[in-house]
Amino acid sequence: MTQLWQLNLAQCSEGLKNKDFSVTELTEACLKRLTETEPAIKSCLAVLEDQALETARDLDRRGNDSSRLLWGLPLTVKDVFCLKGAPTTAGSRQLSDYYSVFEATVVRRLKAHGAIILAKTNCDEFAMGSSTEFSAFGPTRNPWDRQRVPGGSSGGAAASVAGFQVPGAFGTDTGGSIRQPAALCGCVGLKPTYGRVSRYGIIAYGSSFDQAGPLARTAADCGRLLQAVAGPDAYDATLADCPVPDFVNQRPLKPNELTLGLPRQFWNADLHPQVAKVLDEARNLLTKAGLNLIEVDLPNIKYAVAAYYILASAEASTNLARYDGVRYGFRQPDPGDLMELYTKTRQTGLGPEARRRILLGTFVLSSGYYEAYYRKAAQVRRLIKNDIEAALTRCHFLLAPVSAIPAWPLGSFLDDPLTVYQMDLMTLPLNLYGGPGLSVPAGLGDDNLPVGAQLWGKPMSEASLISAGRVLESLWPKLPEPQIPVI
Ligand code: GLN
């Protein structure tokens, strides 16, 4: 018999509408599943059990309201979204006791649409990382193999969905942090266009890249979640002032209506044999179904990792300057003087990766080096944008691997940051460009680890991107459920 926690968002919504079960029953089922699997996965930093149950009972009392897109649906949010009544830590010791006095626009809109937020999920400190191992509160485990990373930085979000704790989650993607953990855990992840979703109330990392987006078990579910949060917000001036289309009810696309561009630089890259095998098979299935696959060129892509890490670190060093022990969070007790208050607070409050980024960012912005590094990187960003724009004139979407390797064993790269940076090659160019991307599970390798592929689209093309994702989903093998020991 299907358990309530096994249902996806659309199925939960349908069941609630038909009164097959109540919001409280659904919430209790997900909370039970979460509690049972959490010792194995460790996806959450805070479980909001009381708040969730109270909201659930309240929704049941008032009755279903079909104008609310997420009525009664249990979700998690990454711990970079400010939410009242629970700490917002961003995975950092610096913010371990930080209670926000306001809520992120995303959280506010989710609640207004009737969603129930069950937990805040683990992430790399300030969303800097690709494995969730840089969380000050310990790593999250991959639901498919608990000795492996879930990806990052939204690793807790991906693990909570892939581990069937909740049917949907919100994360953020600055350089791949929604798409890569979605691929490594075997769920769907959507990075919206920069400017589609408000950044208000999200702990900032790289403000010209950061974008919040959903993770779920189907592309259609991601569309529903995006629908609830997208659109202008008086608190974020970078939002595009354009109408939000219907992401939920789009005309289904036929496979032969789609032309996908395959960037030569990614498909010819050194892919792990299991990744190559799954993606070859996935590509064959597309060709057989009548999709038109063409090869495209992104000539400047080899500079993307360097450009991104210069620009994102520069923005991070500026954004993280506020954690000085005076205004927010952790403060070094009994400092000798003001300088010692600053330095000791930051040495103790911030982990090694955040400190590395701050140092790198401060260096590339410093006088004499600004022209050589920051400005150059900004120019390279333009070249990469031009490359992607040109490739997208020849096809509807680009299709690319997400990660060259499947989920790796915990600890493998902890002392090798450069290798991990380079592994972002196939995700971060999209953030330099600004368009939307959708990561979809392409299959399981012989090692029983999921492999994902992603679509990239022109800015504001999410509606057709989701339709295209549904085509891939219908052609690619559906992943089984990962076996997780429950207590
Ligand atoms: N891995 C990338 C980084 O460390 C991306 C992180 C993200 O998207 N938040 O910067």
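Refer to the structure printed above.
The following refers to the structure shown.

About the thresholds
Residues numbered from 1 in each chain as written. Predicted model: local features only at pLDDT ≥ 70, side-chain atom pairs only at ≥ 80, totals over all residues. Heavy atoms only, no water. Pairing = 2+ DSSP bridges. Helix = DSSP H or I, 4+ residues; strand = E, 2+ residues; numbered from the N terminus. Axes fitted to C-alpha atoms, helices over the stretch in contact; angles between N-to-C directions. Contact = heavy atoms within 4.5 Å. Expected span 1.5 Å × (residues − 1). Buried < 20%, exposed > 50% of the residue type's maximum accessible area, 1.4 Å probe, protein only. Arc of directions from axis to C-beta. Polar contact = N/O pair within 3.5 Å; in protein donor to acceptor, adjacent residues only side chain to side chain. Phe/Tyr/Trp six-rings, centres within 6.5 Å; stacked < 30°, edge-to-face > 60°.

Taken together, eleven strands build an open sheet; the order of strands is 1-3-2-4-6-5-10-11-9-7-8 and the sheet is mixed. In the strand order of this sheet, the two ends are held by strand 1 (44-47) and strand 8 (292-296), each with one partner. In this sheet, adjacent strand axes meet at a mean angle of 30° when their direction is disregarded. As defined by bridge partners, strand 7 (residues 259-263) adjoins strand 8 across five bridges and the pair is classed as parallel. Each residue of the ladder has a partner; that of glycine 261, found in strand 8, is isoleucine 294. Contacting strand 1 and strand 3 (116-121), helix 3 (residues 49-62) crosses the sheet at an angle of about 165° to strand 3.

Here helix 11 (residues 338-349) contains twelve residues, and its C-alpha end-to-end distance of 16 Å stays within 8% of the 16 Å for a straight helix at 1.5 Å per residue. Residues of helix 11 that are buried: Leu341, Thr345, Arg346 and Gly349. On an axial view of helix 11, the arc spanned by its buried residues comes to 110°, and they lie on one face. Next to the buried residues of helix 11 lie helix 12 (352-365). By the N-cap criterion, in which a side-chain oxygen at the helix start approaches the backbone nitrogen of a residue two or three places on, helix 11 is capped by aspartate 337, the distance to methionine 339 being 3.3 Å.

In this section: the packing of aromatic side chains. What characterises a pair of aromatic rings is the spacing of the ring centres plus the angle enclosed by the ring planes. Within the structure shown, the criterion is met by 15 aromatic pairs. Between the aromatic rings of tyrosine 309 and tyrosine 421, the centroid separation amounts to 4.0 Å while the plane-to-plane angle is 15°, which identifies the pairing as stacked. Taken together, the positions of tyrosine 309 in helix 10 (residues 304-319) and tyrosine 421 in helix 14 (residues 417-422) put the pair 112 residues apart, joining distant regions of the chain. Just as tyrosine 309 is buried, tyrosine 421 falls in that class too. Relative to phenylalanine 413, the ring of tryptophan 408 has its centre 5.6 Å away and its plane inclined at 75°; by these criteria the two rings are edge-to-face.

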